[in-house]
Amino acid sequence: MQEEKEFIQKLLNPKTQNEAFEKLLQEYQRPLYNHIRNIVLNHDDTDDVLQNTFVKVFQYLKNFKGESKLFSWMYRIATNEAMTFLNQKAKKNGISSETLQNKTIDNLKADAYFDGDEIQIKLQKAIVSLPEKQQLVFKMKYFEELKYEEISEILGTSVGALKASYHHAVKKIESFVTTN
């Protein structure tokens, strides 16, 4: 924890800021990209949201109080940015977030960065049918293999509630996949 505090000080100090931010990008760019991609699905949209996330991290770092890990705080920003992006894009197109996500899934086959098959497409469609919170919990646990404690810090939800959400999500996905 002391090491993280020192790193944050380097990020805030104008003399060491650039070097520290480069290190931050190197360490978190790939995991944050994967996290955002799991939510917004489209590569180009993911790049936009990732860029916005790092802008916000840089902008609000001075307000970071260290009550959670830097990793969790950044993931919370990335999650909020991704959800806001989806909701704004759906609203702009006059459709629901679920409809938008289904259209994006239908376009995944043409996405050069997507290497899944029909089963992956079916899984994505099953995930989109879940309530927003269950989607996030499932994606973070299943695809990113985050621990419940980490997800709890990111989403601000108790571990018990997350376990229940994940269990319900798995049951609904199993049902969706076997009936469709």
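The structure presented is a predicted model; accordingly, all values stated were derived computationally and were not measured.

Time to look at the environment of Leu100. Inspection of the secondary structure puts Leu100 in helix α5 (residues 97-107). A sequence separation of 54 residues divides Leu100 from Ile154, and the C-alpha atoms of the two residues are 25 Å apart. Not counting residues within four places of it along the chain, the set of residues in contact with Leu100 comprises Leu86, Lys89, Ala90, Asn93 and Ile95.

Quick look at helix α3 (residues 43-60) now. With 18 residues, α3 should reach 26 Å at 1.5 Å per residue; the first-to-last C-alpha distance of 25 Å fits that figure. When α3 is considered as a whole, its buried residues turn out to be His43, Asp45, Thr46, Val49, Leu50, Thr53, Phe54 and Val57. Along the axis of α3, the buried positions cluster into a sector of 165°, meaning they face one direction only. Among the exposed residues of α3, those pointing more than 90 degrees away from its buried face are Asp44 and Gln51. Its buried side turned inward, α3 meets α2 (17-40) and α4 (70-92). Near the N-terminus of α3, the side chain that reaches the backbone nitrogen of Asp44, with its oxygen 2.9 Å away, is that of Asn42.

What follows concerns empty space enclosed by the protein. A complete count under the given rule lists one cavity of 30 Å³ or more for this structure. Considering only enclosed or pocket space, the largest cavity measures out at about 30 Å³ in volume. Considering each element in turn, the lining of the largest cavity owes the most residues, four residues, to helix α7 (residues 132-143). Residue composition of the lining of the largest cavity, by class: three nonpolar, two polar and two charged.

With that settled, the discussion passes to the pattern of salt bridges. With the rule as written, the count across this model stands at three salt bridges. Across the salt bridge formed by Glu81 and Lys56, the nearest N and O atoms sit 2.6 Å from each other. Residue Glu81 is found in helix α4, and its partner Lys56 is found in helix α3; the two are separated by 25 residues along the sequence.

Thresholds, definitions, all that
Residues numbered from 1 in each chain as written. Predicted model: local features only at pLDDT ≥ 70, side-chain atom pairs only at ≥ 80, totals over all residues. Heavy atoms only, no water. Helix = DSSP H or I, 4+ residues; strand = E, 2+ residues; numbered from the N terminus. Contact = heavy atoms within 4.5 Å. Expected span 1.5 Å × (residues − 1). Buried < 20%, exposed > 50% of the residue type's maximum accessible area, 1.4 Å probe, protein only. Arc of directions from axis to C-beta. Polar contact = N/O pair within 3.5 Å; in protein donor to acceptor, adjacent residues only side chain to side chain. 1 Å grid on protein atoms, 1.4 Å probe; cavity = no way out; pocket = protein on both sides within 12 Å on 5 of 7 lines; lining within 4 Å. Points joined across faces, edges and corners; volume = space filled by probe spheres on them. Nonpolar A, V, L, I, M, F, W, Y, C, P; charged D, E, K, R; others polar. Salt bridge = Lys/Arg side-chain N within 4 Å of Asp/Glu carboxyl O.

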